[in-house]
Every structure is written in structure tokens, then in C-alpha cells.
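Structure assessment
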Amino acid sequence: MSKIIIKTEEQIEGIRQSCQLAGKCLQMLESYVKEGVSTGRIDMLISEYIRDHHAKAATLGYNGYPKSSCISVNDVVCHGIPAADVILRDGDILNIDITTILNGYFGDTSRMYSIGTVTAEAQRLIAATKHCLELGIREVYPGNRFGNIGFVINRYARSQNYTVVYEYCGHGVGLQFHEDPQVDHVARRDSGELMKPGMVFTIEPMINAGKSGTKLDKSDGWTARTKDGKLSAQYEHTVLVTSDGVDVLSDVEGEWT
Ligand code: MF3
Ligand code: CO
Ligand code: CO
């Protein structure tokens, strides 16, 4: 039996507000994410911004997670813990992932940033990862199956000689941080449950330049890195299934309007 929550209009508007706040926080950070800045400092800015907008950071204290964001640099796939001694350097690429709780509603989004001059290969990985998210979003409409999101993402990533991380997934979101369903970024065509209007979930592909395997940092229990040490990139949006397609609730750039 499906446990995917169908959100009410009121809940959807609440989730939209939370998603927009998280997205605007990512926008605000653009001028601060520069060479010489620590990820710990960026997390402090995120923490202040969220508090100033009467919201909470969902990650803070979540299963013991210690910070208000995840900041994943270069070979870090996801769940990088911001720290004062992680200083951004010329050529670094990073993902910042923010989940806000505003009036009880969760909004989850992440994007990539580049520091100074990054290699053409890193730029190509970032562009391909963004395209993977876009292809996934285009599969969101009532009557389609969740598996088609992972099918198109994996097909495109492989065509670009990249691999898709299968150990971390998208998820239902809105009333809680992680709800049903699990949204796989590698899946078989036409597998999984049917999408219905009112479902809200994330799509958040992590794409690797090398092999897909990850390893968890034993010292902090959170940081996931590529096993082979090569680069990884990620983009994430929270999306709503509408009566005739998709509404990208965390889009603050007007890319989906
Ligand atoms: N925001 C992440 C996601 O997209 C989850 C981070 S959980 C944490 O699902 F505990 F690592 F912060
Ligand atoms: Co998420
Ligand atoms: Co996230």
C-alpha cells in the first residue's frame, strides 16, 4: 500500500514558502562563496539567514547531524559537514544543500558553486548534473511512474561517461524531512509507483566523474566521498505533481515558470 502523502492546497502553499526561502538563501550565498572562505563560515551565514526569516534548519540535530547545511566540496558526494578548517580554494567545486522548516513545512534544495577558475572537466560535470535534474523534472506528471525519473537520469549520465550514485536518493518531503517514496536516480523504465497530483518530493541526482561507489568518512560518520577520489556534483529541487505536469516549488531563478 502506498504511503505517499497527497498534500492539501494549504500544505502545498506552506511547502512552497519554505522551498522559496531555502532557494533564496542559496541565491544570497553567491556573493560569499569565494576563495579563502571556510564552509563553516558559510554555514553560519545560512544559520543566521534562516533564523532571521523565522524558520529552522532541518538538518540541525537531525539524527545527530551538527550543522544547518551540508556543504560538499570536490570528491564529497553529499552530507559534507561545514567546518572552519575547510577553506575554499581556486578551482574547487561545491554543493550547498539547505532544508528549511517554515511554519512546520519542509523545503529542500541544493545547487553547485565554483571557486575562481575551475577545469573544463569540472564545468562539464556540473552542467551535465544540472541537465540530469532537468531531465528528471520533465518526467514529473500525473500517471507517470517514479522509475522513469531514474531511468532518464542514468541514461543521460552514462551517455556523458559519468556514473550515478545509487546509495543516496530523493525522497518525499513537506510535512517531514524524509517521507515516502524513495526517489531513485537509477531505475528501470516504467518501474515504481504512479505519480498523482498533490505528491511532493525531491529529485537530487549525485553524478560522479569516475565510478559510482561512495565511502563514508569513519571519523564523522556523515561525509560521503567518491571511492576513487574523483569529482562529484549534485543539484536538488523539491517538486509538486500538478493536475497536468510539474511545479518546481524551489525554483527561485524562474527557470521553470
Ligand atoms: N538535505 C539532504 C537531502 O537532500 C539531507 C541531509 S540530512 C543530513 O535529503 F543529516 F545530512 F543533514
Ligand atoms: Co533531499
Ligand atoms: Co537536500
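Everything discussed here concerns the structure shown above.
Structure report, in brief. Bear in mind that the values here come from a model prediction, so they are computed numbers and not experimental data.

Next up on the list: the coordination of the cobalt ion (ligand 2). Within the first shell, the cobalt ion (ligand 2) binds the protein through Asp108 (OD), His171 (NE2), Glu204 (OE) and Glu236 (OE), at distances of 2.0 to 2.2 Å. Geometry at the cobalt ion (ligand 2) is irregular, judged from the 6 donor atoms that bind it and their angles of 52 to 161° at the metal. Counting gaps between the donor residues of the cobalt ion (ligand 2) yields the pattern D-x62-H-x32-E-x31-E. In this structure, the cobalt ion (ligand 2) lies 3.3 Å away from the cobalt ion (ligand 3), the two metals sharing Asp108 as a donor. In this pair, Glu204 is assigned in the loop between strand E9 (200–203) and strand E10 (206–208) and Glu236 in the loop between strand E13 (232–234) and strand E14 (237–241), connecting sequence segments 32 residues apart. By the burial criterion, Glu204 is buried, and Glu236 matches it.

Time to look at the pairing of strand E5 (residues 105–114). Most of E5 sits out of view: 9 of its 10 residues are buried. Where strand E4 (residues 93–102) folds back onto E5 in an antiparallel hairpin, the turn is made up of 2 residues, including Asn103, whose phi is positive at roughly 50°.

Thr59, His171, His178, Glu204 and Glu236 are the nearest of the 14 residues found near ligand 1. A distance of 3.1 Å separates an oxygen atom of ligand 1 from a polar side-chain atom of Asp108. Contacts to ligand 1 include Glu204, whose side-chain N or O atom sits 2.8 Å from an oxygen atom. For ligand 1, the protein covers 96% of the area, taking 340 Å² as the surface of the free molecule. In terms of residue class, the shell around ligand 1 is built from 5 nonpolar, 5 polar and 4 charged.

For the cobalt ion (ligand 3), the protein coordination sphere consists of Asp97 (OD), Asp97 (OD), Asp108 (OD) and Glu236 (OE), at 2.1 to 2.4 Å. Coordination at the cobalt ion (ligand 3) is irregular: its 6 donor atoms span angles of 58 to 165° at the metal. Site description for the cobalt ion (ligand 3): donor spacing in sequence, D-x10-D-x127-E.

The rules we used
- Residues numbered from 1 in each chain as written.
- Chains lettered and ligands numbered in written order.
- Predicted model: local features only at pLDDT ≥ 70, side-chain atom pairs only at ≥ 80, totals over all residues.
- Heavy atoms only, no water.
- Donors = N, O, S within 2.8 Å, 3.2 Å for Na, K, Ca; no water.
- Tetrahedral: all angles 85-135°; square planar, octahedral: opposite > 155°, others 65-115°.
- Helix = DSSP H or I, 4+ residues; strand = E, 2+ residues; numbered from the N terminus.
- Buried < 20%, exposed > 50% of the residue type's maximum accessible area, 1.4 Å probe, protein only.
- Pairing = 2+ DSSP bridges.
- Near = heavy atom within 4 Å.
- Polar contact = N/O pair within 3.5 Å; in protein donor to acceptor, adjacent residues only side chain to side chain.
- Areas by Shrake-Rupley, 256 points an atom, 1.4 Å probe, with all protein chains shown as cover.
- Nonpolar A, V, L, I, M, F, W, Y, C, P; charged D, E, K, R; others polar.

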